[in-house]
Amino acid sequence: MNSTQALSKNTILDAVRGNQPVAQPMPTIPHFHTNKPADLVATFCESIARMAGVVVTKDVPDLDSFLRVKFPDARVVCSAIPEYAGTIKPASLNHWSEASAIDVCILRSPMGVAETGSILLSDVELQVNTIAFLAHDLVVLLDPKQIVSNIHDAYEHPYFKLRPYSVLMTGPSGSGDIGAIVVHPAQAAKTLTVLLSPAPNTGKRTG
Amino acid sequence: MSSPVDQAKNAEKFLADTVHEQRLDKLLWAMRMRRDAAARQVPEWEELRTLASGIKEHTLSKLSDYLTQFEARATANGVIVHWARDAHEHNQIVYDLLAQQGANTLVKSKSMLTEECELRPFLERRGVRVTETDLGERIQQLDDQPPGHIIGPSIHKTNKDVAVLFSQKYGSDPNNEDTAYLAGVMRENTRPDFLHAPAGMTGANFVVAETGAIVVATNEGNADLSAHTPPLHICSVGIEKIIPTTESLAVFIRLLARSATGDTITQYTSTFRGPRKGAAMHVILVDNGRSARLSMKRFWHSLKCIRCAACMNTCPVYRRSGGLSYGSTYMGPIGIIMMPTFEIRKYRELPFASTLNGSCTNVCPVKIDIHEQIYGWREVMEENHQIQVVKKEAMRVADKVLSHPALYQIATATLSSALEVLPHFAVYNRLNAWGEHRDVPEAARETFHEWYRTHRPKKNEAVKRG
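Residues numbered from 1 in each chain as written. Chains lettered and ligands numbered in written order. Predicted model: local features only at pLDDT ≥ 70, side-chain atom pairs only at ≥ 80, totals over all residues.

### A closer look at the overall build of chain B
As a reminder, the rule being used: Secondary structure elements follow DSSP: runs of H or I of four or more residues count as helices, runs of E of two or more count as strands, with numbering from the N terminus. Each residue is classified by how many other C-beta atoms fall within 10 Å of its C-beta atom, where C-beta atoms are placed from the backbone; a count of 20 or more means buried, 12 or fewer means exposed, and values in between mean partly exposed. Each residue is represented by a C-beta atom placed from its backbone, and any two residues with such atoms within 7 Å are regarded as in contact.
The helix and strand tally for chain B stands at 22 helices and 10 strands. Across the 466 residues in chain B, those meeting the buried criterion constitute 56%. Partitioning the contacts of chain B with sequence separation of at least 6, the portion at a separation of at least 24 is 74%.

Written out as structure tokens, the structure reads:
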């Protein structure tokens, strides 16, 4: 930090210290489990549908066939999961902007949130963070046992304290900036499809 | 010294254009209704508001400690933290970072702070091409206008306005007013900028002291693209955006989108704790008058604001006059109480752009006493001899209303009551500086007072804390 920066920091902190109001207590934050939904999976499905995400609840035994039917024109399929090869892996991207060539990206999320229909992703799953934003279509596997009740529970996930980047993603990109009606897509992924699929190591959180 | 903004006169121009005025009123009221519906879906809504207010007040009362903690944690995560006393220092830091990188283009997601600092003209004068990547902000940039709303910058524009603008700037079809088509034009034209820009910039909705993280909420994904695609991520944030913990973040995330648009959450709620390998992340903590506001016993609560815009969507004056009429970075009820702290003479008229109906306070997710602060600013203007005679009269009337809570509740209860009561002392006649020449503003179908009487839990049904 140079001398100007040190001066600015000290000036700001001195002013704040001199002006801040009398110390007030930090409230205790409950998790509101009394309002927990009876069926987390059903609530998750309803919540993500409101945000234009699609959930496939039935078993998809053959991911390759599923993708060929759903995305018949896809040429570049980036797989960030070990059990599926795709046409490329995130590690093969030399520059993060190269993710714009991806048609479909396959990922696994370690957590879903029933209240909002969000899925958690971090640099652990993404490896190259832009693949979730520059790819046109996203397919995300989620173990239904890893759906938590609400946002309070979600922010207990260790990623938020440990990882450089984590995102609660809720549906494809959208914008309500014209006419206050949300349309899809906006700048990032055009579609988000969540496949409810048990994790290879069921119940174990990564992070 | 800037001349005072005449909001009422500016609003008259907007009101004369009935197409835009009626459309804006309708769109914003629909957002307010969606916000109400979303709030009703959450049984603990009022408890969340109380928690959010308490967390913010606690944090602001220990702000120096939390800022120091944030700096230490973020630095440990590999983030370079800067401090800016004012807008010029902030802008210079950004420019220096870009210059060090040899960057002459910048992709930028929406940040009201950078509007406040007038960053874009500062950079453009120095040869940096800035692309706003939020759709609404980009529309305003292309039209050479400031944002008219803090979360929907171009909400006052019709689809036709955008179709014509995009055809002029991007060569798209001027007759295609379909929203999805117009969003597609934006996507097609912005994507190359993301891929080639050497630097990206975001604001932040929250800054978490415990983890050294910044949290950004968007629907478009443009903040994540701006932060991740280029090798340099600069984040500008006001010092009041800090919160203590990730646990407390949850409270605000539950309130933010519901209050703003009625959605449960934004499409992307992203936490950035540090740079990726081979890239750099800088956070600029900006004061620009905030520490001074902290000393204002009557007004420091405005620093609790989380920029959801619920107060703007519900305000009858804002809905019918448009954001640009305020001539200020922040507009609507929250703008009225923030802007005079920046420049009292220039914004001396703004506290009169209100009917003091209190609906802004009722919808505020962090319980800022907005309408009382508006009244307080009227008093300050009087004390500082900043107001004209007519407005002094209006203030005395407001004083009468606010000094009789029962009467005040009746006045805001229903449209019929408002029609019955308000014209005599709040809205219609020449004593109300804003209400002159205008119709009686629409009253909320169900005010908070009514809603709470209907929905409040009985004492023995109180929500158990878990």
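And the narrative resumes.
### Focus on the confidence of the model for chain A
This is how it is decided: Every residue carries a pLDDT, the predictor's confidence in it, which falls somewhere between 0 and 100.
The pLDDT averaged across chain A works out to 94; a share of 97% of its residues lies at or above 70. Long-range and interchain partners of residues 202-207 of chain A, a stretch whose pLDDT sits below 50, account for 13 contacts in this model, where long-range means more than four residues apart.

### Section: the environment of Leu 196 of chain A
All names here are of chain A. In this fold, Leu 196 is placed in strand β9 (residues 191-196). With 138 residues separating them along the chain, Leu 196 and Lys 58 place their C-alpha atoms 7.4 Å apart. When neighbours within four sequence positions are excluded, Leu 196 is seen to be in contact with Val 55, Val 56, Thr 57, Leu 142 and Pro 144.

### Thoughts on the sheet that holds strand β7 (residues 147-148) of chain A
How we decide: Paired strands, as defined in this entry, are two strands with at least two bridges between them according to DSSP.
Read from one edge to the other, the open sheet built from eight strands follows the order β7(A)-β4(A)-β5(A)-β8(A)-β9(B)-β6(B)-β5(B)-β8(B), with strand pairing classed as mixed. Edge positions in the sheet fall to β7 of chain A together with β8 (242-243) of chain B, since each has one partner strand and no second. Bridging between strand β5 (residues 206-208) of chain B and strand β6 (residues 213-218) of chain B involves three bridges; their strand directions are antiparallel. Along β6 of chain B, the bridge assignment pairs Val 207 of chain B with Ile 214 of chain B.

### Quick look at the interface of chain B and chain A
Short version of the rule: Nonpolar residues are Ala, Val, Leu, Ile, Met, Phe, Trp, Tyr, Cys and Pro. Charged residues are Asp, Glu, Lys and Arg, and all others, Gly as well, are polar.
Across the contact, 78 residues belong to chain B and 67 residues belong to chain A. Of the residues contributing to the side of chain B that touches chain A, the split by class is 32 nonpolar, 30 polar and 16 charged.

### Some words on the domain arrangement of chain B
Residues and elements named next belong to chain B. Worth spelling out the cut-off: Boundary definitions for the domains trace back to an automatic or database domain assignment.
Domains assigned within chain B are domain 1 (7-41 + 291-455) and domain 2 (52-158 + 188-288). Each side of the interface is counted separately: domain 1 has 31 residues, and domain 2 has 30 residues. Of the residues forming the side of domain 1 that touches domain 2, the biggest block, 11 residues, is contributed by helix α2 (residues 18-40). Taken together, the residues of the side of domain 1 that touches domain 2 break down into 20 nonpolar, five polar and six charged.

### Observations regarding helix α4 (residues 63-76) of chain B
Applicable threshold: To estimate how far a helix should reach, multiply one less than its number of residues by 1.5 Å.
Taking 1.5 Å per residue as the helical rise, α4 of chain B with its 14 residues ought to reach 20 Å, and the 20 Å between its terminal C-alpha atoms agrees with that figure. Every buried residue of α4 of chain B is listed here: Leu 63, Tyr 66, Leu 67, Phe 70, Glu 71, Arg 73 and Ala 74 of chain B. Packing partners of the buried residues in α4 of chain B comprise α1 (3-19) of chain A together with α3 (45-61), β1 (80-84), β5, β8 and β10 (280-286) of chain B. Once α4 of chain B ends, the next one or two residues include Gly 78 of chain B, with phi positive near 100°.

### Some thoughts on the nonpolar core
Put simply, the rule reads: The nonpolar core is taken to be a set of buried Ala, Val, Leu, Ile, Met, Phe, Trp, Tyr and Cys residues joined by way of C-beta atoms within 7 Å.
Ranked by internal contacts, the top residues of the largest apolar core, which has 174 residues, are Cys 105, Ile 131, Ala 132 and Ala 135 of chain A together with Ile 214, Phe 252 and Leu 285 of chain B. Ranked by the residues each element gives to this core, the list is headed by helix α12 (residues 246-260) of chain B, at nine residues. When residues of this core are assigned to domains, at least three map to each of domain 1 (7-41 + 291-455) and domain 2 (52-158 + 188-288) of chain B. The residues contacting Leu 285 of chain B, other than those within four sequence positions of it, are Leu 67, Val 81, His 82, Trp 83, Ala 84, Val 237 and Ile 239 of chain B.

### Structural notes on the packing of helix α9 (residues 159-170) of chain B against helix α10 (residues 179-196) of chain B
All names here are of chain B. Put simply, the test is: Think of each axis as a best-fit line through the C-alpha atoms, taken over the contacting stretch in the case of a helix, with angles from 0 to 180 degrees between the N-to-C directions. Relative orientations are named as follows: roughly parallel for angles under 35 degrees, roughly antiparallel for angles over 145 degrees, roughly perpendicular for angles from 65 to 115 degrees, and oblique for any other angle. Throughout, a crossing is termed right-handed when the near helix is turned clockwise from the far one, and left-handed when it is turned anticlockwise from it by less than a right angle.
Here α9 crosses α10 at 30°, and the two axes come no closer than 10 Å. Classified by the angle their axes make, α9 and α10 are roughly parallel. The handedness of the crossing between α9 and α10 is left-handed. Counting all contacts with α9, which are made through Asn 159, Val 162, Ala 163, Phe 166 and Tyr 170, the residues of α10 involved are Thr 179, Leu 182, Val 185 and Asn 189. Residues of the contact of α9 with α10, tallied by class, amount to six nonpolar, three polar and no charged.

### Describing the confidence of the model for chain B
Residues and elements named next belong to chain B. Averaged over chain B, the pLDDT score is 87; the fraction of residues at 70 or greater is 83%. Low pLDDT (under 50) marks residues 435-449, which in the prediction has 32 contacts with non-local residues, meaning those over four places away or in another chain. Across residues 455-466, where pLDDT falls below 50, the model places 14 contacts with residues more than four positions away in sequence or in other chains. For this predicted complex, the interface score ipTM comes out at 0.96, while the overall pTM is 0.89.

### Points about the environment of Ala 213 of chain B
Residues and elements named next belong to chain B. Within the secondary structure layout, Ala 213 lies in strand β6. Exposure remark for Ala 213: the 29 C-beta atoms within 10 Å place this residue in the buried category. Considered as a pair, Ala 213 and Phe 272 are 59 residues apart in the sequence and their alpha carbons are 5.5 Å apart. Apart from the residues within four sequence positions on either side, Ala 213 is in contact with Val 208, Thr 271, Phe 272 and Arg 273.

### Focus: the sheet that holds β10 of chain B
All names here are of chain B. Strand order in the open sheet formed by six strands is β1-β10-β7-β4-β2-β3, with parallel pairing between adjacent strands. Either end of the sheet is taken by a strand with one partner, and the two such strands are β1 and β3 (129-132). Direction aside, neighbouring strands of the sheet carry axes that sit 25° apart on average. Of the pairings in the sheet, the one linking strand β4 (residues 200-202) to strand β7 (residues 232-238) comprises three bridges and is parallel in character. For Gly 200, the partnering residue across the bridge sits in β7 and is His 233. Contacts from helix α5 (residues 87-101) reach β1, β2 (105-108), β7 and β10, with the element oriented near 175° to β7.

### Looking at the packing of α3 of chain B against α12 of chain B
Residue and element names in this part refer to chain B. The geometry of α3 relative to α12 is characterised by a closest axis approach of 10 Å and an angle of 130° between their N-to-C directions. When the interaxial angle is binned, α3 and α12 end up oblique. Of the two possible hands of crossing, α3 and α12 adopt the one that is left-handed. Here Leu 48, Arg 49, Leu 51, Ala 52 and Ile 55 of α3 lie close against α12, whose contacting residues are Ser 248, Val 251, Phe 252, Arg 254 and Leu 255. Class assignment for the residues of the contact of α3 with α12 results in seven nonpolar, one polar and two charged.

### Concerning unusual backbone geometry
Residue and element names in this part refer to chain A. Here the bond from His 184 into Pro 185 is cis, since omega is -5°, no more than 30 degrees from zero. When you line up the elements, Pro 185 lands in the loop between β8 (165-169) and β9. The backbone phi angle of Ala 52 is positive, close to 75°, even though this residue is not glycine. For Ala 52, the position within the fold is in the loop between α2 (40-50) and β1 (54-56). By the C-beta count within 10 Å, which is 19 here, Ala 52 ends up partly exposed.

### A closer look at the pairing of strand β5 (residues 118-122) of chain A
All names here are of chain A. Most of β5 is tucked away: five of the five residues are buried. Burial of β5 is two-sided: the residues Ser 118, Leu 120 and Ser 122 facing one way and the residues Ile 119 and Leu 121 facing the other way are all buried. Joining the antiparallel neighbours strand β4 (residues 112-113) and β5 is a turn of four residues, in which Gly 117 adopts a positive phi near 75°.

### So, the environment of Ile 155 of chain B
If you trace the backbone, Ile 155 of chain B turns up in the loop between α8 (135-142) and α9. Overall, Ile 155 of chain B belongs to the buried group, with 26 C-beta atoms counted inside 10 Å. Expressed as a C-alpha distance, the spacing of Ile 155 of chain B and Glu 383 of chain B, which sit 228 residues apart in the sequence, is 36 Å. Residue contacts for Ile 155 of chain B: discarding those within four places in its chain leaves Ala 180 of chain A together with Leu 24, Leu 27, Gly 136, Gly 148 and His 149 of chain B.

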